[in-house]
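Each chain, written out:
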Amino acid sequence: QVQLVESGGGLVQAGGSLRLSCAASGRTFSSYTMGWFRQAPGKEREFVARITWNGGSTYYADSVKGRFTISRDNAKNTAYLQMNSLKPEDTALYYCAPVLGLSPLYDVWGQGTQVTVSS
């Protein structure tokens, strides 16, 4: 099972950009489809984006399509989420996880990284 540490969050004005990183431990990172999820206060955790093991295919939630880009570097055991044109409704705690379909493969989460977008 891979362990994950998210970073890169912060406070940004609407329209700004952030790049999140997800550093994984273990030799199996490159075998997983990886995903990003987010949870806003008072709301359930929701799927944001996923990328297949070799980066050959990506999929996005409608709410972020065209603004967010998921990528990965298997040599560095790291996945990324480039977030552009941020909106206040993107404010949430962001997590990464191995996924199956649009759901996390395991119910194990890192500490997440907070993204706050001011209007």
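That block above? That's the structure.
So, here is what we can say about the structure in this document.

The rules we used
- Residues numbered from 1 in each chain as written.
- Predicted model: local features only at pLDDT ≥ 70, side-chain atom pairs only at ≥ 80, totals over all residues.
- Heavy atoms only, no water.
- Helix = DSSP H or I, 4+ residues; strand = E, 2+ residues; numbered from the N terminus.
- Rg over C-alpha atoms; globule rule 2.2 N^0.38 Å.
- Buried < 20%, exposed > 50% of the residue type's maximum accessible area, 1.4 Å probe, protein only.
- Contact = heavy atoms within 4.5 Å.
- Areas by Shrake-Rupley, 256 points an atom, 1.4 Å probe, with all protein chains shown as cover.
- Pairing = 2+ DSSP bridges.
- Axes fitted to C-alpha atoms, helices over the stretch in contact; angles between N-to-C directions.
- Salt bridge = Lys/Arg side-chain N within 4 Å of Asp/Glu carboxyl O.
- Disulfide = S-S within 2.5 Å.
- Core = buried A, V, L, I, M, F, W, Y, C linked by side-chain atoms within 4.5 Å.

1. With respect to the overall build of the protein
- When you go through the protein residue by residue, the secondary structure sums to zero helices and 11 strands.
- Helices and strands in the protein line up, N terminus first, as β-β-β-β-β-β-β-β-β-β-β.
- Here the C-alpha atoms of the protein give a radius of gyration of 13 Å, agreeing with the 14 Å that 2.2 N^0.38 yields for 119 residues.
- For the protein, the spread of C-alpha atoms along the principal axes amounts to about 40 × 25 × 25 Å.
- Counting over 119 residues, the protein shows a buried share of 40%.
- Counted over contacts in the protein with a minimum sequence separation of 6, partners at least 24 positions apart contribute 54%.
- Looking at the protein as shown, the accessible area adds up to about 6,200 Å², and 48% of this sits on carbon and sulfur atoms.

2. Here we look at the sheet that holds strand S8 (residues 78-83)
- On the basis of which strands lie adjacent, the open sheet formed by four strands has the order S1-S3-S8-S7 and antiparallel pairing. Each end of this open sheet is capped by a strand with a single partner; those strands are strand S1 (3-7) and strand S7 (68-73). For this sheet the average axis-to-axis angle between neighbouring strands, irrespective of direction, equals 15 degrees.
- As judged from the six bridges shared by S7 and S8, these two strands associate in the antiparallel manner. Residue pairing for S8: Ser 71 is matched across the bridge by Tyr 80.

3. A few points about the pairing of S7
- Of the two faces of S7, the one holding Phe 68, Ile 70 and Arg 72 is buried and the one holding Thr 69, Ser 71 and Asp 73 is not buried anywhere.
- The loop that links S7 with its antiparallel partner S8 comprises four residues; one of these, Asn 77, has a positive phi angle of about 55 degrees.

4. What to know about the pattern of salt bridges
- On inspection of all chains with the given rule, the structure shows four salt bridges.
- Arg 38 is the salt-bridge partner of Glu 46, the closest N and O atoms lying 2.6 Å from each other.
- Look at Arg 38 and you get buried, because its relative accessible area is 5%.
- Across the salt bridge formed by Lys 65 and Asp 62, the nearest N and O atoms sit 3.0 Å from each other.
- One continuous salt-bridge network, built from bridges that share partners, spans Arg 38, Glu 46, Arg 67 and Asp 90.

5. A closer look at the state of the cysteines
- Tallied over the full model, the rule gives one disulfide.
- There is a disulfide in this structure between Cys 22 and Cys 96, and the S-S distance comes to 2.0 Å. In this structure, the disulfide formed by Cys 22 and Cys 96 twists by about 70 degrees around the S-S bond and is classed as right-handed. In this pair, Cys 22 is assigned in strand S3 (residues 18-25) and Cys 96 in strand S9 (residues 92-100), connecting sequence segments 74 residues apart.
- Cys 96 gets classed as buried once you look at its relative accessible area, which sits at 1%.

6. Brief notes about the nonpolar core
- Membership of the largest hydrophobic core comes to 33 residues, with the highest contact counts inside it found for Trp 36, Val 48, Phe 68, Leu 81, Met 83 and Tyr 94.
- Looking at this core element by element, the count peaks at five residues for S9.
- Apart from residues no more than four positions distant in its own chain, Leu 81 is found in contact with Leu 18, Arg 19, Leu 20, Trp 36, Val 48, Ala 49, Phe 68, Thr 69, Ile 70 and Tyr 94.

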